[in-house]
Amino acid sequence: MATRLETLCLNLQNALGERIRDLRTAAGEVTLEVAAEHYLETAKLLRDHPDLRFEQLIDLTGVDYSSWGDGAWTGLRFAAVCHLTSISKNWRLRLRVFATDDGFPVLPSVVGLWNSANWYEREAFDLYGILFEGHPDLRRILTDYGFVGHPFRKDFPISGHVEMRYDPEQKRVVYQPVTIEPRENTPRIIREDSYGDVGHG
């Protein structure tokens, strides 16, 4: 008799066919990878197919694979990863799709299928710069609107030239030159010779 995960994988293969780029089970979880061109239709099938029924999107995040495996990664750089749940079937799935252009990553939005993706896609856009085509309100959600770049890409200077603060007289946020002198902090740990000895009080 097939296990629950084996049944899920079989149902995915039957429903999605050649749309599947990769399908694997590891640590009790199933991960499905599809090409960007099949992402939206696959997501719709995952939600609506009677043998799958992934009614709920639990999470969506962006991933930057540029330093994956100590920099040994040779594939596309940016991916969106969705975690889906089927309440009626009682199973979960990880769906991964890579954007085809590392310089300008664009993927279709799944907000029309799962409304819960709204803020998650905004977060992935803000932090990784992944654009979600068709998103109803794609704007920054965590960083300031004037911020240039995307923090999780780690391709911006560590020390900036401007800082922002709230000005009570102007009753708004203002930008000004950085007031803190740049410095390098190196923690220094000093321990007694007997530190860690058993029985030492």
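Here, every reference points to the structure presented above.
For clarity, every value in this text was computed on a predicted model and none was experimentally measured. (Residues numbered from 1 in each chain as written. Predicted model: local features only at pLDDT ≥ 70, side-chain atom pairs only at ≥ 80, totals over all residues. Heavy atoms only, no water.)

Caption draft 1: View of unusual backbone geometry. Positive phi outside glycine occurs at Arg53, with the angle close to 55°. Its location among the elements puts Arg53 in the loop between α2 (39–48) and β3 (56–64). Since its relative accessible area comes to 34%, Arg53 is described here as partly exposed. With a phi close to 60°, Asn90 is a non-glycine residue in the positive phi region. Looking at the element boundaries, Asn90 is found in the loop between β4 (78–86) and β5 (91–98). (Helix = DSSP H or I, 4+ residues; strand = E, 2+ residues; numbered from the N terminus. Buried < 20%, exposed > 50% of the residue type's maximum accessible area, 1.4 Å probe, protein only.)

Caption draft 2: The arrangement of the packing of helix α1 (residues 4–16) against α2 in detail. Axis separation between α1 and α2 bottoms out at 11 Å; the angle between their running directions is 125°. Between α1 and α2, the crossing angle belongs to the class labelled oblique. The chirality of how α1 crosses α2 is right-handed. Touching Leu12, Ala15 and Leu16 of α1 are Thr42, Leu45 and Leu46, all from α2. Here the contact of α1 with α2 is composed, by residue class, of five nonpolar, one polar and no charged. (Axes fitted to C-alpha atoms, helices over the stretch in contact; angles between N-to-C directions. Parallel < 35°, antiparallel > 145°, perpendicular 65-115°, else oblique. Left-handed = near helix turned anticlockwise from the far one by under 90°. Contact = heavy atoms within 4.5 Å. Nonpolar A, V, L, I, M, F, W, Y, C, P; charged D, E, K, R; others polar.)

Caption draft 3: Inspection of the sheet that holds β5 at higher detail. Taking strand neighbours across the sheet as the criterion, the five strands line up as β1-β2-β5-β4-β3 in an open arrangement whose pairing is mixed. Looking at which strands have only one partner, the edges of the open sheet turn out to be β1 (20–26) and β3. Neighbouring strand axes in the sheet, compared pairwise and without regard to direction, differ in orientation by 20° on average. With eight bridges connecting them, β3 and β4 associate as antiparallel partners. Pairing of Gly62 across the sheet is with Ala80, part of β4. Strands β3 and β4 of the sheet are contacted by helix α4 (residues 117–128), whose axis makes an angle of about 5° with β3. (Pairing = 2+ DSSP bridges.)

Caption draft 4: Summary view of the pattern of salt bridges. Taken as a whole, this structure holds ten salt bridges when the rule is applied. Among the ionic pairs, Asp126 bridges to Arg140, the shortest N-O distance being 2.6 Å. With a gap of 14 residues between them, Asp126 in helix α4 and Arg140 in the loop between β7 (131–133) and β8 (162–167) connect regions that are remote in the sequence. Each member of the pair, Asp126 together with Arg140, is buried. With its nearest N and O atoms 2.8 Å apart, the salt bridge here joins Arg139 to Asp137. Relative accessible area serves as the criterion here: at 35%, Arg139 is assigned to the partly exposed category. Beyond isolated ion pairs, a larger network of salt bridges with shared partners links Lys44, Arg47 and Asp48. (Salt bridge = Lys/Arg side-chain N within 4 Å of Asp/Glu carboxyl O.)

Caption draft 5: How the structure looks around the pairing of strand β9 (residues 172–177). Relative to β9, β8 runs antiparallel, the two sharing six bridges. Counterpart to Glu163 in the pairing with β9 is Gln176. The loop that links β8 with its antiparallel partner β9 comprises four residues; one of these, Lys171, has a positive phi angle of about 55°.

Caption draft 6: Fine view of a nonpolar patch on the surface. A contiguous nonpolar patch, built from Val162, Met164, Tyr166, Val173 and Tyr175 and spanning about 510 Å² of accessible area, is present on the exposed surface. Listing elements by their share of the nonpolar patch, those giving two or more residues are β8 and β9. Here the nonpolar patch takes three residues from β8, the largest share from any one element. With respect to the secondary-structure elements, Tyr175 resides in strand β9. Look at Tyr175 and you get partly exposed, because its relative accessible area is 46%. (Patch = residues over 30% accessible without salt bridge, like charges linked within 9 Å, V, L, I, M, F, W, Y side chains within 5 Å. Areas by Shrake-Rupley, 256 points an atom, 1.4 Å probe, with all protein chains shown as cover.)

Caption draft 7: Quick look at the packing of aromatic side chains. One pass over the structure, following the stated rule, counts five aromatic pairs. Taken together, Tyr65, Trp68, Trp73 and Phe98 form an aromatic cluster joined through their ring pairs. One cation-aromatic arrangement involves Arg122 over Trp119; the distance from NZ or CZ to the ring centre is 5.8 Å. (Phe/Tyr/Trp six-rings, centres within 6.5 Å; stacked < 30°, edge-to-face > 60°. Lys NZ or Arg CZ within 6 Å of the ring centre and 35° of its normal.)

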